[in-house]
Amino acid sequence: HTVLGEDIAGRVEAVGNGVTRFRPGDEVFGDIAACGSGGFAEYACAREDLLAPKPAGLSFEEAAAAPMAAVTALQGLRDRGRIRPGARVAINGASGGVGTFAVQLARHFGAVVTAVCSPQNLELALSLGAERVVDYTREDFTKSGERYDLILAVNGFHPLADYRRALAPGGVYVMTGGSDAQIFQALLLGPWMSIGGSRKMGALSARANREDLLLVKELLEAGRLKPIIDRRYALRDLAEALRY
């Protein structure tokens, strides 16, 4: 049976032959999707190149909330979005796992951040560094007349044409999540819509790697990133956590 769960944090119990980075007792965290998942269990097996030392000063729960979401946000902004200081960045879905890290990382890179989220999370987005917030239940940010150098869509929600209209010349749209249909549309139509123009459209398939995880660790330890945890559940209550 496949065991779900991709983000983990815990203590090393045992190591295989050839493992050099860790030994029993070390505290680690990481994204083990490339190992077939397995994080929702008392024990998990992982390759050493997918793990990093747990950030000092963080609980295991806080550490486990970071790997996939923070690395996805990092790669979306830095690698696909080509973020730069002073860039006008809109983050659609700014209050979820990837979104909360994206707001913080965009500010870390010196961007001017507009966070699009639900009304109950507007204050949270402001506290994470957004300079402007948009309540998506009251306003369509793609029709406001504002133009952005980078739009990171943690959920697709709008048609690609709407996102393209909200980009400034030379702007980049990056989708990091959404329905299967939205992701397929971004993968299929994004490159076509980018032909012959300065605005670029596309989707990101994040890739877990030790280098980016170590950068996330440094930012967490420095207080530049903070995991936002909505609720905590015991392992025995996992089904209820997934329902929520």
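No experiment lies behind these values; they were computed from the predicted model shown. (Residues numbered from 1 in each chain as written. Predicted model: local features only at pLDDT ≥ 70, side-chain atom pairs only at ≥ 80, totals over all residues. Heavy atoms only, no water.)

**Considering the overall build of the protein**
Definition in use: Secondary structure elements follow DSSP: runs of H or I no shorter than four residues count as helices, runs of E no shorter than two count as strands, and numbering proceeds from the N terminus. Throughout, radius of gyration means the C-alpha value; the globule benchmark is 2.2 Å times the number of residues raised to the power 0.38. Here's how the labels work: a residue is buried when its accessible area is under 20% of the maximum for its type, exposed when over 50%, partly exposed in between, all with a 1.4 Å probe on protein chains only. Residue contacts are counted whenever heavy atoms from the two residues lie within 4.5 Å of one another. Accessible areas in this description were obtained via Shrake-Rupley with a 1.4 Å probe; residue shielding takes into account the shown protein chains only. The charged-residue count follows a simple rule in which Lys and Arg add positive charge and Asp and Glu add negative charge, with His and chain termini not counted at all. Here the site of a charge means NZ on Lys, CZ on Arg, CG on Asp, or CD on Glu.
Scanning the protein from N- to C-terminus turns up eight helices and nine strands. For a compact globule of 244 residues, the expected C-alpha radius of gyration is about 18 Å, and the protein comes in at 19 Å, within 12% of that figure. Split into buried and exposed, the 244 residues of the protein put 44% on the buried side. Restricting the contact set of the protein to residue pairs at least 6 apart, pairs at least 24 apart contribute 60%. Accessible surface, the protein as shown: approximately 12600 Å² in total, 50% of it carbon and sulfur. Put simply, the protein has 28 plus and 28 minus side-chain charges, and the middle of one group is 7 Å from the middle of the other.

**Thoughts on the nonpolar core**
Stated precisely, the cut-off is as follows: Side-chain atoms within 4.5 Å link the members of a nonpolar core, which is a set of buried Ala, Val, Leu, Ile, Met, Phe, Trp, Tyr and Cys residues.
In terms of nonpolar packing, the biggest core is built from 41 residues, with Leu 77, Val 89, Ile 91, Phe 101, Val 103 and Leu 220 touching the most fellow members. Those elements giving two or more residues to this core turn out to be helix H2 (67-80), strand E4 (88-92), helix H3 (97-108), strand E5 (112-117), helix H4 (122-127), strand E7 (148-153), strand E8 (167-175) and helix H7 (210-221). Sequence-distant contacts of Val 103, defined by excluding residues within four places in its chain, comprise Ile 91, Ala 94, Val 113, Ala 115, Ala 125, Leu 128, Gly 129 and Ala 130. Core analysis: the next-biggest nonpolar cluster, separate from the first, contains 15 residues, Ala 153, Leu 167, Tyr 173 and Ala 203 among them.

**Let's talk about H2**
Here is the rule we go by: In this analysis, the expected span of each helix is defined as 1.5 Å times one less than the number of residues it contains.
Spanning 14 residues, H2 covers 18 Å between terminal C-alpha atoms, matching the ideal 20 Å at 1.5 Å per step. Burial of H2 is extensive: ten of the 14 residues sit out of reach of the surface. What H2 keeps buried is the set Pro 67, Ala 69, Ala 70, Val 71, Thr 72, Ala 73, Leu 74, Gln 75, Gly 76 and Leu 77. Phi for Arg 82, located one or two positions after H2, is positive at around 50°.

**A word on the packing of aromatic side chains**
Any two aromatic rings considered together are summarised by their centre-to-centre distance and by the angle between their planes. Test applied: Put simply, two rings from Phe, Tyr or Trp (the six-membered ring, in Trp's case) pair if the centres are within 6.5 Å, and we call them stacked under 30 degrees between planes, edge-to-face over 60, tilted for the rest. In this scheme, the term charge over a ring applies when either NZ of a lysine or CZ of an arginine sits within 6 Å of the ring centre and within 35 degrees of the ring normal.
Summed over the entire model, instances satisfying the criterion amount to three aromatic pairs. Each ring, one from Phe 141 and one from Tyr 163, has its centre 6.2 Å from the other, and the planes form 55°; the classification is tilted. You can see Phe 141 sitting in the loop between strand E6 (132-135) and E7 and its partner Tyr 163 sitting in helix H5 (residues 160-165), a full 22 residues away along the chain. The exposure class of Tyr 163 is buried, given its relative accessible area of 0%. Taken together through their ring pairs, the aromatic side chains of Phe 141, Tyr 148, Tyr 163 and Tyr 173 make up a single cluster. Lys 54 extends its terminal NZ or CZ atom over the ring of Phe 60, reaching a point 5.1 Å from the ring centre. The positively charged end of Arg 231 is found above the aromatic ring belonging to Tyr 244, 3.8 Å away from the centroid.

**A word on the side chain of Thr 114**
Checked against the element boundaries, Thr 114 lands in strand E5. Other than its neighbours up to four places away in sequence, Thr 114 contacts Val 89, Ala 90, Ile 91, Arg 132, Val 134 and Tyr 148.

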